[in-house]
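Chain by chain, the residues:
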Number of protein chains: 2
Amino acid sequence: MPKRVDHQERRTLIADALMRVAAEHGLEAVSLRHVAAEAGVSSGMVQHYFRTKDEMMAFALSVVREHSESRVGQAVAALGPDPSPRTLLRTMLAELLPLDEARRADGRVALAFLAYTAVRPAVAAALHGETAELLAFIAGQIRAAQARVDPDRAAVALLAVMEGLGVYLLGGHYPPETALGALDTQLDLLLGPGGPEET
Amino acid sequence: MPKRVDHQERRTLIADALMRVAAEHGLEAVSLRHVAAEAGVSSGMVQHYFRTKDEMMAFALSVVREHSESRVGQAVAALGPDPSPRTLLRTMLAELLPLDEARRADGRVALAFLAYTAVRPAVAAALHGETAELLAFIAGQIRAAQARVDPDRAAVALLAVMEGLGVYLLGGHYPPETALGALDTQLDLLLGPGGPEET
DNA sequence: CGCTTTGCATTGCAGTCGCAACGTAAACGG
DNA sequence: CCGTTTACGTTGCGACTGCAATGCAAAGCG
């Protein structure tokens, strides 16, 4: 085998460029040439690693998901061992909110893909499992906190709050503090007041 | 003045076609020719009523907003006089959820525009007032219900729940009943349990 | 040393895009 | 009745799109 190069690395390099383009100008500005230029490579190379545009989009979508997943993983790891359910949930959900410019960029891309998958049900189906797992985990934490609410319904509501706050934050409808305040209010409602609420 | 035609009518005719295209194939499938074909008119006529594509998009966005606004207005009017805050809020927010195919179509368009405005801050700014008004109204209703929560924070959380539920519904991540259940759970949390919850 | 496989660049093509330009039919004011 | 204005339809242009095709250098295997 000649000229062994790390395929995965090249593909993520291209996907990163795609995300930069999408974050700045939206998914409709994503073209083979545009992405190639942003990545600083030839458009032929992009075609070499992704035979079709759809393939590139699908890969980029998976990168977006892994990106936020690893972000949450790191934030949770930084908590130390055995965090309380409330601390754990707040850390995870706050990490997923577009509170700084880096996460805003990611959020814009995620939002673009949300609209993208909304008209491509086949692609959307791949994300259902992820959501179901996340919901189950959240419900488990709520259960562990011995809250006086139905854990499954509360989990759906809590995750929806986070998603909605993210959307409104991206639209600039209110500042980050308002979103964090609402998130803490929600956790108060679900788990009882008085948890630690560092920024 | 020759050949008087109702400008507003033609423009909404075209905007409706645009929304049909966007609901089915996403905003990136919206082109002058495509919209014209969907509306059954020539592309020249589209250009006659919208000098640029941006102008057409902006008009369509305003139509989307008025559409959901009138939908909510009708649902609230059907409640009869002096509804309880809880009934009023539930009716309004449930009406905004994509629970049937008609509202799903509208929701897909709205989601597409959400991503669209996320990379066009100037357009997004026009929507801030709307959100602020809606938040103020919701906060007022929560205050009227004499809930034991901060009305402003609760309003932000409640609106975010609705938005998030809508997004997940559009993605098909769970069925309408789950979303409605979570919405009622949220209202229970904010206003105290026991309200009437017809479908 | 060939020879094949892989990595990548270039070119070209058919199609679509937004938009300007032009043409024309109809209706009203003078 | 004539000229202007409005309401379209048609055509075309330059730019861009995804993608196939082609070319070629490098690197391993025989």
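Before reading on, note that the structure itself is shown above.
Residues numbered from 1 in each chain as written. Chains lettered and ligands numbered in written order. Predicted model: local features only at pLDDT ≥ 70, side-chain atom pairs only at ≥ 80, totals over all residues.

J.: Explain the overall build of chain A here, please?
T.: A tally of regular secondary structure across chain A gives nine helices and zero strands. Start at the N end of chain A and walk to the C end: the helices and strands fall as α-α-α-α-α-α-α-α-α. Once the C-alpha set of chain A is aligned to its principal axes, its extents read approximately 60 × 40 × 30 Å. Sorting the 199 residues of chain A into buried and exposed places 40% on the buried side. Considering only intrachain contacts with a sequence separation of at least 6, the fraction spanning at least 24 residues in chain A is 57%. (Helix = DSSP H or I, 4+ residues; strand = E, 2+ residues; numbered from the N terminus. Buried ≥ 20, exposed ≤ 12 C-beta atoms within 10 Å, placed from the backbone. Contact = placed C-beta atoms within 7 Å.)

J.: Help me understand the relation of the copies chain B and chain A in this model?
T.: Copy one and copy two of the chain differ by a rotation about an axis and a translation along that axis. Least-squares fitting of chain B to chain A yields an RMSD of 0.0 Å, with the superposition described by an axial translation of 0.0 Å and a rotation of 180 degrees. Seen this way, the second copy is the image of the first under a two-fold rotation axis. (Least-squares fit on C-alpha atoms with pLDDT ≥ 70 in both.)

J.: Got a minute to help me understand unusual backbone geometry in this structure?
T.: Keep in mind that most residues, glycine aside, have a negative phi and that most peptide bonds are trans. Residue and element names in this part refer to chain B. Although it is not a glycine, Asp82 adopts a positive phi angle of roughly 50 degrees. By the secondary structure assignment, Asp82 is in the loop between helix H4 (53-77) and helix H5 (85-96). Residue class for Asp82 comes out exposed when judged on the 7 C-beta atoms lying within 10 Å of it. We note that Gln146 has phi near 55 degrees; this positive angle belongs to a residue other than glycine. Here Gln146 shows up in the loop between helix H7 (121-144) and helix H8 (151-170). The exposed category is assigned to Gln146, around which 10 C-beta atoms lie within 10 Å.

J.: It is not clear to me how the nonpolar core should be interpreted in this structure. Could you clarify?
T.: Side chains that are nonpolar tend, in soluble globular proteins, to be buried together. In terms of nonpolar packing, the biggest core is built from 124 residues, with Leu18 and Val161 of chain A together with Leu18 and Val161 of chain B touching the most fellow members. Those residues within four positions of Leu18 of chain B in sequence are excluded, and the remaining contacts are Val30, Val35, Met56 and Ala60 of chain B. (Core = buried A, V, L, I, M, F, W, Y, C linked by C-beta atoms within 7 Å.)

J.: Help me understand helix H8 (residues 151-170) of chain A in this model?
T.: The α-helix winds at 3.6 residues per turn, so residues separated by three or four positions along the chain end up facing the same way. Its 20 residues give H8 of chain A an end-to-end C-alpha distance of 28 Å, which sits within 8% of 28 Å, the value for a rise of 1.5 Å per residue. The element H8 of chain A is extensively covered by neighbouring structure, given that 19 of its 20 residues are classed as buried. (Expected span 1.5 Å × (residues − 1).)

J.: Mind showing me how you'd approach the packing of helix H6 (residues 101-118) of chain A against helix H6 (residues 101-118) of chain B here?
T.: If you want to describe how two helices pack, look at the angle between their axes and the distance between the axes. It is at 9 Å that the axes of H6 of chain A and H6 of chain B come closest, and there the two elements cross at 155 degrees. Accordingly, the angle class assigned to the pair H6 of chain A and H6 of chain B is roughly antiparallel. Helix-helix and strand crossings are classified by hand; for H6 of chain A and H6 of chain B the assignment is left-handed. Residue-level contacts link Arg108, Leu111, Ala112, Leu114, Ala115 and Ala118 of chain A of H6 of chain A to Arg108, Leu111, Ala112, Leu114, Ala115 and Ala118 of chain B of H6 of chain B. The class makeup of the residues in the contact of H6 of chain A with H6 of chain B is 10 nonpolar, no polar and two charged. (Axes fitted to C-alpha atoms, helices over the stretch in contact; angles between N-to-C directions. Parallel < 35°, antiparallel > 145°, perpendicular 65-115°, else oblique. Left-handed = near helix turned anticlockwise from the far one by under 90°. Nonpolar A, V, L, I, M, F, W, Y, C, P; charged D, E, K, R; others polar.)

J.: So what exactly am I meant to see when it comes to the interface of chain B and chain A here?
T.: Quite often, the size of an interface is put as the accessible area lost when its parts meet. Residue-level contacts link 44 residues of chain B with 44 residues of chain A. Elements with a contribution of two residues or more to the side of chain B that touches chain A: helix H1 (7-25), H6, H7, H8 and helix H9 (176-191) of chain B. Among the elements that line the side of chain B that touches chain A, the one with the most residues is H8 of chain B, at 14 residues. Of the residues contributing to the side of chain B that touches chain A, the split by class is 25 nonpolar, 13 polar and six charged.

J.: What exactly am I supposed to notice about the packing of H8 of chain A against H8 of chain B here?
T.: Taken N-terminus to C-terminus, the directions of H8 of chain A and H8 of chain B make an angle of 95 degrees; their axes are 6 Å apart at the nearest point. If you check the angle between H8 of chain A and H8 of chain B, you find them roughly perpendicular. For the pair H8 of chain A and H8 of chain B, contact is made by Ala157, Leu159, Ala160, Val161, Met162, Glu163, Gly164, Leu165, Val167 and Tyr168 of chain A and by Ala157, Leu159, Ala160, Val161, Met162, Glu163, Gly164, Leu165, Val167 and Tyr168 of chain B, respectively.

J.: Please clarify how the environment of Pro98 of chain A should be interpreted in this entry.
T.: Residue and element names in this part refer to chain A. Relative to the assigned elements, Pro98 resides in the loop between helix H5 (85-96) and H6. When the 23 C-beta atoms within 10 Å are taken as the criterion, Pro98 is described as buried. Spatially, the C-alpha atom of Pro98 lies 25 Å from that of Gly194, the residues being 96 residues apart in sequence. Non-local contacts of Pro98, meaning those with residues more than four positions away in its chain, are made with Arg103, Arg104, Gly107, Gly166, Leu169 and Leu170.

J.: I'm lost on the environment of His128 of chain B in this one. Help?
T.: With respect to the secondary-structure elements, His128 of chain B resides in helix H7. For the pair formed by His128 of chain B and Pro83 of chain B, sequence separation is 45 residues and the distance between their alpha carbons is 27 Å. With near-sequence residues (within four places) excluded, His128 of chain B lies in contact with Gly172 and His173 of chain A.

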